[in-house]
Amino acid sequence: MIILEDLVKRFGEITAVDHLSLHLEKGKIHGLLGPNGAGKTTLVRMMSTLTRPTAGKAFVAGCNVERDPMGVKRSIGVVHQTLNFDPELTAREALVVHGHLHGMPKARMEKRVQEMLAFAGLEKEANRMVPTFSGGMKRRLSIARAMLHDPEVILMDEPSVGLDAHARRKVWDLVRKLREAGRTLILTTHYMEEAQALSDRVIIVDHGKVIADGNPEGLISEAGRVAVDHPGHAGTLTKFFENREEAAQFLASLDEPATVRAANLEDVFLKLTGRHVNPKEQEGVAANASRHGHSAARKHHS
Amino acid sequence: MQAVMAILLRENIILKRKFWKYLASWVVSPLLYFVAFGWAGRGRMVGAGVDYAAFLLPGLVAMSAMTHSFGISTEINISRFYWKTFDEIRTAPISDWVYVVGETMSGAVRGILAACVVVLLGLIFRVDFALNPGLFFAVVLTSLVFSALAISTAMLAKTHADQGLISSFIITPMAFLCGTFFPLGAYPGWLRSIIQCLPLSPAANLVRAAAHHQSLPWLQALYLAAVGGVFLVAAMVVVKRAKD
């Protein structure tokens, strides 16, 4: 459905996407996970024809993003990171304008507008001005808009950023409904729980390169299913184990208190890069980042 | 065509929602100019026996058409940098031409409405001028030309402040120099030659000729249309560039 071949994007001296290749399959949710500045948004912008690649090729629904951008645009729906709505439009008007821009026949458009408002749970709010919406409602409207013209591929750039837990769950429900409807989804996020909860396949990106690719369970298994956080010289260290028995043996050897928990995608990223995905969690961790690789290596010996 | 209508629909919904604010802005400036300059020059004759108010009114019509059609540049700028709605347009399967034509028409609608308000003011102040198809043609052409220019400048501006600067350097000088308030005869020859090349000069001449029952200066109309064509092509080029 989507093929990226040796894709490169440079902004001056900064390389945002660095010789990245991927084959994304039809009807699945692909989570692009990585910290801010990893190149996820640039990747989505190239797939949506908003940014031109410096080198390499990208095909979306069989169309080359550079040679046939119109073909790509007809096949995609984009949920932009910014909640980009005209402040003078109602929810219904925003969808109608989008429908016209995509050349939808009037009768079909009116039917789809109603369907999509229902899909997003915004039927009663259809005639309200968009600026009066909460962040969660705007995000759901944004998803409804992306779906209006019935595209094969949906590109979502950080769909739940800035939302509270309740609003985020509602957005997740919509994303799952899209998978049930057979859509191909590419979802960028720096929330590991989001990638883990929604994705059939997680692609971890860092410094514009793919550093891990697989289903969430598989990636976590590779890192070690059980994580033990324990105090180190320069902060908390994390060590990974195949099972709870191995973790318990390690715990017995420690003098200080430690935490045992199930490993997650954040740990996968941590193990691969020595850094956290979420910058908020990086405080106090950066110092032990270089030690982490050593700690993880010890796991293999244990 | 449907996509052009989509852009027009969007702009016209915005126009409808903010109509009273727009109307106030269309009225205030020409009214002030009309009172300040028209009152000061009351009873004076300009050129071949034309009352100053009758001279001023077509100038204000042309100036309003220019200023308010060019005003679409601010809207485009805000939608690009603040509301980010330009990305929505860019991911839609529409060509750059469609976008440029849609926005040009939207800007022109505002210019035409603003010019109509000045005409109404003229009627209220009982200024001697003619209402005819020539006047309408001149206003439509002027509005289209400056609306096309607005798109180019909106795409070249990198910030809102840039947009303000562009207006200060392009629109304000034309508004005062191009025969809007006074005949060009008072300027030295070299300056007059430069001013006559600026697009508001033929626009003001066209409007004035129509308003004064004279035959339209078709060469100037052609020149203005050609300048508009150049602005349209420039708009197309900068919209394409703005994509990356």
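No experiment lies behind these values; they were computed from the predicted model shown.

Here we come to the overall build of chain B. Per the secondary structure count, chain B includes eleven helices and two strands. Helices and strands appear in chain B in the N-to-C order α-α-β-β-α-α-α-α-α-α-α-α-α. Scaling as 2.2 N^0.38, a compact globule of 244 residues should have a C-alpha radius of gyration of about 18 Å, and chain B matches this with 18 Å. With the principal axes as the frame, chain B shows a C-alpha extent of 55 × 40 × 35 Å. Looking at chain B alone, contacts between residues at least 24 apart form 78% of all its contacts between residues at least 6 apart.

The next point concerns the side chain of S69(B). All names here are of chain B. Tracing the backbone shows S69 in helix α3 (residues 52–70). Only 2.5 Å separates the side chain of S69 from the backbone oxygen of A65, close enough to count as a polar contact. For S69, the residues in contact, after removing those within four places along its chain, are S64, G107, A108, G111, T142, S143, F146, S147 and A150.

As a further point, take helix α8 (residues 216–223) of chain A. All names here are of chain A. All of the buried residues along α8 are P216, L219, I220 and A223. In an axial view of α8, the angular spread of the buried residues amounts to 95°, which keeps them on one side of the axis. Within two residues after α8, G224 carries a phi angle of roughly 120°, on the positive side.

Once that is clear, we can look at the interface of chain A and chain B. Listed per partner, the contact involves 31 residues of chain A and 25 residues of chain B. Considering only the surface of chain A that becomes buried against chain B, L50(A), E88(A) and L101(A) emerge as the three largest contributors, covering 25% of it. One can count four salt bridges joining chain A with chain B. A salt bridge links E88(B) to R145(A); the nearest nitrogen and oxygen atoms lie 3.6 Å apart. Linking chain A to chain B there are eight residue pairs in polar contact (both at pLDDT 80 or more).

Tallying each qualifying case throughout the model produces four cavities of 30 Å³ or more. Taken as a whole, the largest cavity spans an internal volume of roughly 110 Å³. Lining the largest cavity are 13 residues, and of these D86(A), V97(A), R145(A), R10(B) and E88(B) lie nearest its centre. At the level of elements, α3 (91–101) of chain A together with α5 (86–90) of chain B are the ones that each hand at least two residues to the lining of the largest cavity. Among the elements that take part in the lining of the largest cavity, α3(A) stands out by supplying four residues, more than any other. Partitioned by chemical class, the residues of the lining of the largest cavity number six nonpolar, three polar and four charged.

Quick look at the sheet that holds strand β13 (residues 259–262) of chain A now. All names here are of chain A. Judged by pairing direction, the sheet is antiparallel, and its three strands sit side by side in the order β12-β11-β13 without closing on themselves. At either end of the open sheet lies a strand with only one pairing partner, and these are β12 (235–241) and β13. If you compare each strand with its neighbour and ignore which way they point, the axes differ by 30° on average. Inspection of the sheet shows strand β11 (residues 226–232) paired to β12 by seven bridges, in the antiparallel sense. Each bridged residue has a counterpart across the sheet, and for G232 the counterpart in β12 is G235. Contacting β11, β12 and β13, helix α10 (residues 265–273) crosses the sheet at an angle of about 105° to β12.

Another point: the confidence of the model for chain A. All names here are of chain A. Per-chain confidence: chain A averages 87 in pLDDT, with 92% of residues scoring 70 or above. Within chain A, helix α11 (residues 286–301) has the poorest average pLDDT of any element, 37, and strand β4 (residues 55–60) the best, 97. Long-range and interchain partners of residues 281–302, a stretch whose pLDDT sits below 50, account for 36 contacts in this model, where long-range means more than four residues apart.

Quick look at the pairing of strand β6 (residues 76–79) of chain A now. Residues and elements named next belong to chain A. Alternating residues of β6 divide into I76 and V78 and G77 and V79, and every residue in both groups is buried. Pairing of β6 with strand β7 (residues 153–157), which is carried by four bridges, proceeds in the parallel orientation. Within β7, the position partnered with V78 by the bridge is L155.

What follows concerns the packing of aromatic side chains. Counted under the stated rule, the structure contains 16 aromatic pairs over all chains. Grouped by ring-pair contacts, the aromatic residues Y33(B), F37(B), Y52(B), F55(B), F176(B), F181(B) and F182(B) constitute a single cluster. The residue whose ring lies beneath R168(A) is Y191(A), and the NZ or CZ to ring-centre distance is 4.0 Å. Sitting above the plane of the F55(B) ring, R208(B) keeps its charged end 3.7 Å from the centroid.

Definitions and limits used
Residues numbered from 1 in each chain as written. Chains lettered and ligands numbered in written order. Predicted model: local features only at pLDDT ≥ 70, side-chain atom pairs only at ≥ 80, totals over all residues. Heavy atoms only, no water. Helix = DSSP H or I, 4+ residues; strand = E, 2+ residues; numbered from the N terminus. Rg over C-alpha atoms; globule rule 2.2 N^0.38 Å. Contact = heavy atoms within 4.5 Å. Polar contact = N/O pair within 3.5 Å; in protein donor to acceptor, adjacent residues only side chain to side chain. Buried < 20%, exposed > 50% of the residue type's maximum accessible area, 1.4 Å probe, protein only. Arc of directions from axis to C-beta. Buried area = accessible area lost by both parts, 1.4 Å probe. Salt bridge = Lys/Arg side-chain N within 4 Å of Asp/Glu carboxyl O. 1 Å grid on protein atoms, 1.4 Å probe; cavity = no way out; pocket = protein on both sides within 12 Å on 5 of 7 lines; lining within 4 Å. Points joined across faces, edges and corners; volume = space filled by probe spheres on them. Nonpolar A, V, L, I, M, F, W, Y, C, P; charged D, E, K, R; others polar. Pairing = 2+ DSSP bridges. Axes fitted to C-alpha atoms, helices over the stretch in contact; angles between N-to-C directions. pLDDT = per-residue confidence, 0-100. Phe/Tyr/Trp six-rings, centres within 6.5 Å; stacked < 30°, edge-to-face > 60°. Lys NZ or Arg CZ within 6 Å of the ring centre and 35° of its normal.

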